[in-house]
Amino acid sequence: MRATVLRTQTSAAARRPGRLILTGLAILVASFVVFGTVLVQQITERTVRDNLSGTPAGTDLVIGSVDVPPPTADVRQIRAVPGVAEAVARVATGVSIGAGYLNLQADPGRGPLSTVRVIEGSYPDQPGEIAITPRTAERLGLSVGTTTSGTGGELTTPAPLIVTGVVEVGADAGYDAYAPDSAVIAWARLTGVERVDVRVAPDASTEDVRRRVSAAVAGQPIRSGAQVRDAEANAAAEQVGKLFILVGVFVSIAVAAAALVVTSTFRIVFAQRMRQLALLRAVGASRGTLVGALTAEGALTGLVAGVVGVASALTLGYALPAILRATGHEVSSPGLPLAAAITVVVGAVVITVLAVLAPALSAAQVSPLEALRTASVTAGRRGIGVLRLVFGLLLAAGAVLAALATISRLPKPDQSEYDPSRPLLLLVASGALAFFALVALGPLLVRPVLAVVGWPLRQLGPLGRMSVGGIGGAPRRAAAVSVVVALGVTLISGVVIGGASLQILADREMALSAPTDFEVTGNGQPLPPDLVTRAEAARGALARVVPYRMVGDATLLRGADKLGDVEAAYPTSDLDLAALPSTGDLDVAQGTLADRGPGRIVLNSWVARDAGLRAGDTVTLAVAAGRVEVRVAAVLPGNGPLHAGILADPADLDRIGVPAAYTGLLADAAGAGEDGRTAGVRALRQAIAGSEGVGLAVLADERDRHGELVRTLVWIAVGLVGLTVLIAVVGVGSTTALSVVERIRESGLLRAIGLSRTGLRTMLTVESGLYGVIGATIGLVLGVPYAWLAVQALGIEAPLTAPLLPLAGLFVVLVGLTALAGVLPARRASRVSPVVALGADN
């Protein structure tokens, strides 16, 4: 009997491959995602290894290292070694040229060991000649034939530099210059280099040359070019590996979500076959036999889903790099990880078997008398057992207690040392307990949540009421699918809120360190008065110019006693915050910035803590012999703008004898984009022209890098947690498709009493959307507080924020996706004739 039942169940499943794939669709997608992640990691690592080494492929030997840099004399000795076709010293030195900066690097400019390509003019061949990159030419206002002067390396007296050419490089930072190693060494008067790259002559043996070089420069480490390239590629690939560890965490969550979806799907499938299972019980099949047969069906489903998922991922994994290479992108193909493929397929089978156990055990409890029913479908249970209720409540209580423990360990306002590891572990534990509590108590939560979110639909008429009733009539099914949606929404809302908080924190940090596009400083000396005047006159290229004074010897006194433990004084500035566009991004820990004015100062958090001051305290601000009584108007939560410890009013600095000459100015470009920024740089260089010791920094580049980094991290995180949402949407689609079969008689009855095809299609589509509404509602209720706790637990002083528009967009998108997942099943149901539907026995 056992073999007969097993053969009956598995052959019936094999005869309906469409139903088999639909049942295991979530596992198929999970297998595709898991094996696709393996392939993407291989593609990324191989691409990094093939393309991101900084050592040219023509390098056969590398002499020297960071720990043992070769002296310049060794370069000449290496070039004299028989068998050495070319030896290039790699060295870089910073060069100050007037108001700008250059990173002068040694490169031969031509040949197999070169990393640059001349696109204009000629490559340098004499000391004092340089080639620059296109962006450097734009930023510094240089061109071929321009002569400037600068200092760098061991050169302390300005020496001329002539631009002879423009070169193309892999990454143009906007301050890069190149020249042959001999020219760089001679001009900067260097005594050592970073390393020496050697190309061996075609007719020479690399090992022989290695021995000769080792004898010529004893004590210097010698590595092969392949070893160095591998080390560079491995270092980059190691970062890729660390990133994919994080990816693996989110993939694991998606797999767990797939298991939940498959469990719900099998419950629906087995409920549709209750009469058949009861007949098997009536003819002698034991409960154990049914459990074994249903588990075998689950294993077959997992096997097919795993194989199809792996095959699909492998096909796309090989096709996509080929397509990208055809479009000019350097992307390597993956290998053929058979062990990983087999592991994924076996894992798909195991997870499906585990997921099917609970539904199989429940279905095997069917009584043989169920065979006497006229319908093959048995109505699902609406409630949960006492044991499940108690277990769910215990999990919920544990989640609350872990959350309270997290709150108790959050950093205090004046706490100087904080370790976020324990609060974060407690928070993760709380979130996991909350999710499992949601799985256990989900059927009880569906009805009250549906009563709230479904109220607008019920007001729209019979279709709305039937849609809400269809979900409320099967709360266990609705809970199983909605819980997965809720998990995805919780994760994504956490990422959105965390990303918004980090963006505000980054904007605040940039408002302090890079409040405008440009900064001009005198490097500790006053700016020439006409420089500020010329900058203010360049209104076509500059939108605003804000000069300021910065003094480094200010102290805070109470009576005759100096406050604070530091020996040095506090840097103090009279920067006009109101004139800066980024002032609105600043936050305060105490007081208000609007209260700053004559007789009122603003302190950064470190100065306030060191001096023991709070907002409202009165203190004496002193510079040399000058004294003025001031009140603390506000305390910032971190550093002050431009790293100032004290922000004072200009009138107060005048009263204590600070010279009136400005020490720096901030400016913004009038135009947008790179062109506007370049125009602003040129205007400021014209204003600086002829001023010794004045430097210009493009702060906007740093701000752009920080902003791009935060946005990239947020989008990567959204993409990763989106895997769970994908599984949830697949679950909604498969659940709706299977429920259409289960409710075919109900659909026929509705059509028979006058419901149109459009009405039936709309009702079922709305039901699918309601899965998303319930899940998104629960997800946001959990996601927002957990995201806020996570931000606080990190201890990074990021503000708590709720980006309403992105969260509302997330809600609408999730509801739309789940509704779309039900469109095809709804269309199928609407096409069935009422007569056929009423006569169907499923």
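Above this note sits the structure.
To keep things clear, this report deals only with the structure shown in the data block. (Residues numbered from 1 in each chain as written. Predicted model: local features only at pLDDT ≥ 70, side-chain atom pairs only at ≥ 80, totals over all residues. Heavy atoms only, no water.)

### Quick look at the overall build of the protein chain
- Of the regular secondary structure elements, the protein chain holds 26 helices and 23 strands.
- Here the protein chain, with 842 residues, has 50% of them falling under the buried criterion.
- Looking at the protein chain alone, contacts between residues at least 24 apart form 83% of all its contacts between residues at least 6 apart.
- Accessible area for the protein chain stands at about 37500 Å²; split by element, carbon and sulfur atoms hold 62% of it. (Helix = DSSP H or I, 4+ residues; strand = E, 2+ residues; numbered from the N terminus. Buried < 20%, exposed > 50% of the residue type's maximum accessible area, 1.4 Å probe, protein only. Contact = heavy atoms within 4.5 Å. Areas by Shrake-Rupley, 256 points an atom, 1.4 Å probe, with all protein chains shown as cover.)

### Regarding the environment of V725
- As for its placement among the helices and strands, V725 is situated in helix α21 (residues 699-742).
- As for V725 and A254, which are separated by 471 residues in sequence, their C-alpha atoms are 8.1 Å apart.
- In this view, V725 contacts G488, I492 and L814; residues no more than four positions away in its chain are not counted.

### Details of the sheet that holds strand β10 (residues 195-200)
- If you trace the four strands from one edge of the open sheet to the other, you get β2-β10-β1-β11, paired in antiparallel fashion. Of all the strands in the sheet, the pair left with one neighbour each is β2 (84-90) and β11 (222-224). Neighbour to neighbour, the strand axes of the sheet diverge by 25° on average, direction disregarded.
- Looking at chain direction, strand β1 (residues 61-63) and β11 are connected through three bridges and run antiparallel. Within β11, the residue paired with V62 across the bridge is R223.
- Against the sheet, helix α4 (residues 72-79) makes contact with β1, β2 and β10, and its axis sits at roughly 165° relative to β2, the strand it touches most. (Pairing = 2+ DSSP bridges. Axes fitted to C-alpha atoms, helices over the stretch in contact; angles between N-to-C directions.)

### What about the environment of E509?
- Summarising the element assignment, E509 is placed in helix α16 (residues 475-513).
- The spatial distance from the C-alpha of E509 to the C-alpha of L586 is 8.3 Å, given a sequence separation of 77 residues.

### With respect to the packing of helix α17 (residues 529-537) against helix α20 (residues 673-688)
- Remark: α17 packs on α20, axes separated minimally by 8 Å, with the N-to-C direction vectors making an angle of 150°. The angle between the axes of α17 and α20 places the two elements in the roughly antiparallel class. Handedness of the α17/α20 crossing: right-handed. Here α17 contributes L531, R534 and A535 to the contact with α20, which in turn contributes L684, Q686, A687 and I688.
- Residues belonging to the contact of α17 with α20 are distributed by class as follows: five nonpolar, one polar and one charged. (Parallel < 35°, antiparallel > 145°, perpendicular 65-115°, else oblique. Left-handed = near helix turned anticlockwise from the far one by under 90°. Nonpolar A, V, L, I, M, F, W, Y, C, P; charged D, E, K, R; others polar.)

### Examining the nonpolar core
- Among the nonpolar cores identified, the biggest contains 71 residues, and A26, F270, L277, I471, V489, I727 and I774 are the most heavily contacted of them.
- Among the elements that make up this core, the one with the highest residue count is α16 (12 residues).
- When residues no more than four places from it in sequence are discounted, the contact partners of A26 are A258, V261, V262, I727 and V730.
- Membership of the second largest hydrophobic core comes to 39 residues, among which are V81, A87, V163 and V184. (Core = buried A, V, L, I, M, F, W, Y, C linked by side-chain atoms within 4.5 Å.)

### Description of the pairing of strand β12 (residues 518-521)
- Here four bridges tie β12 to strand β22 (residues 664-669), and the two strands are oriented antiparallel to one another. Bridge pairing in β22 places V520 opposite L665.
- Relative to strand β23 (residues 695-698), β12 runs antiparallel, the two being bridged by four bridges. Residue pairing in the sheet places F518 in a bridge with V698 of β23.

### Quick word on the environment of R677
- Along the chain, the position of R677 falls in helix α20.
- Sequence separation between R677 and R139 is 538 residues; the distance between their C-alpha atoms is 8.3 Å.
- Beyond its immediate stretch of four places on either side in the chain, R677 contacts R139, F518, A669, G671, V698, A700, D701 and D704.

### Brief notes about a nonpolar patch on the surface
- Together, Y318, L336, L338, I342, V346, V350, L354 and L357 make up a nonpolar patch on the protein surface, roughly 750 Å² of accessible area in all.
- Residue contributions to the nonpolar patch peak at six residues, all from helix α11 (residues 338-363).
- Assignment of secondary structure puts L357 in helix α11. (Patch = residues over 30% accessible without salt bridge, like charges linked within 9 Å, V, L, I, M, F, W, Y side chains within 5 Å. Salt bridge = Lys/Arg side-chain N within 4 Å of Asp/Glu carboxyl O.)

### Re the packing of aromatic side chains
- According to the stated counting rule, one finds three aromatic pairs in the structure shown.
- On the basis of an interplanar angle of 80° and a centroid distance of 6.0 Å, the ring pair of Y570 and W606 is categorised as edge-to-face. Of this pair, Y570 sits in strand β16 (residues 570-573) while W606 sits in helix α18 (residues 605-611), placing them 36 residues apart in sequence.
- Accessibility expressed as a relative area gives 2% for Y570, which makes it buried. (Phe/Tyr/Trp six-rings, centres within 6.5 Å; stacked < 30°, edge-to-face > 60°.)

### A short note on the side chain of T295
- Along the chain, the position of T295 falls in helix α10 (residues 287-326).
- For T295, a relative accessible area of 15% translates into the label buried.

### Details of the pairing of β16
- Bridge count for strand β14 (residues 550-558) against β16 is three bridges, and the pairing is antiparallel. Looking across to β16, one finds that V551 is bridged to T572.
- Here β16 runs beside strand β21 (residues 646-647); their pairing, made up of two bridges, is parallel. Bridging across to β21, T572 finds its partner in I646.

### Thoughts on the sheet that holds β22
- If you trace the four strands from one edge of the open sheet to the other, you get β13-β22-β12-β23, paired in antiparallel fashion. The strands lining the two open edges of the sheet, one partner per strand, are β13 (542-548) and β23. Going across the sheet, the axis of each strand differs from the next one's by a mean of 20°, ignoring polarity.
- With respect to the sheet, α17 is in contact with β12, β13 and β22, its orientation differing from that of β13 by roughly 155°.

### Some remarks on unusual backbone geometry
- Unusually for a residue other than glycine, R189 sits at a positive phi of about 55°.
- Looking at the secondary structure, you find R189 in the loop between α6 (181-188) and β10.
- Here R189 falls in the exposed class, since its relative accessible area comes to 52%.
- At L642, a residue that is not glycine, the phi angle is positive and equals roughly 55°.

### So, the side chain of S501
- On the secondary structure map, S501 appears in helix α16.
- Setting aside chain neighbours within four positions, we find S501 in contact with V791, A798, P799, L800 and T801.

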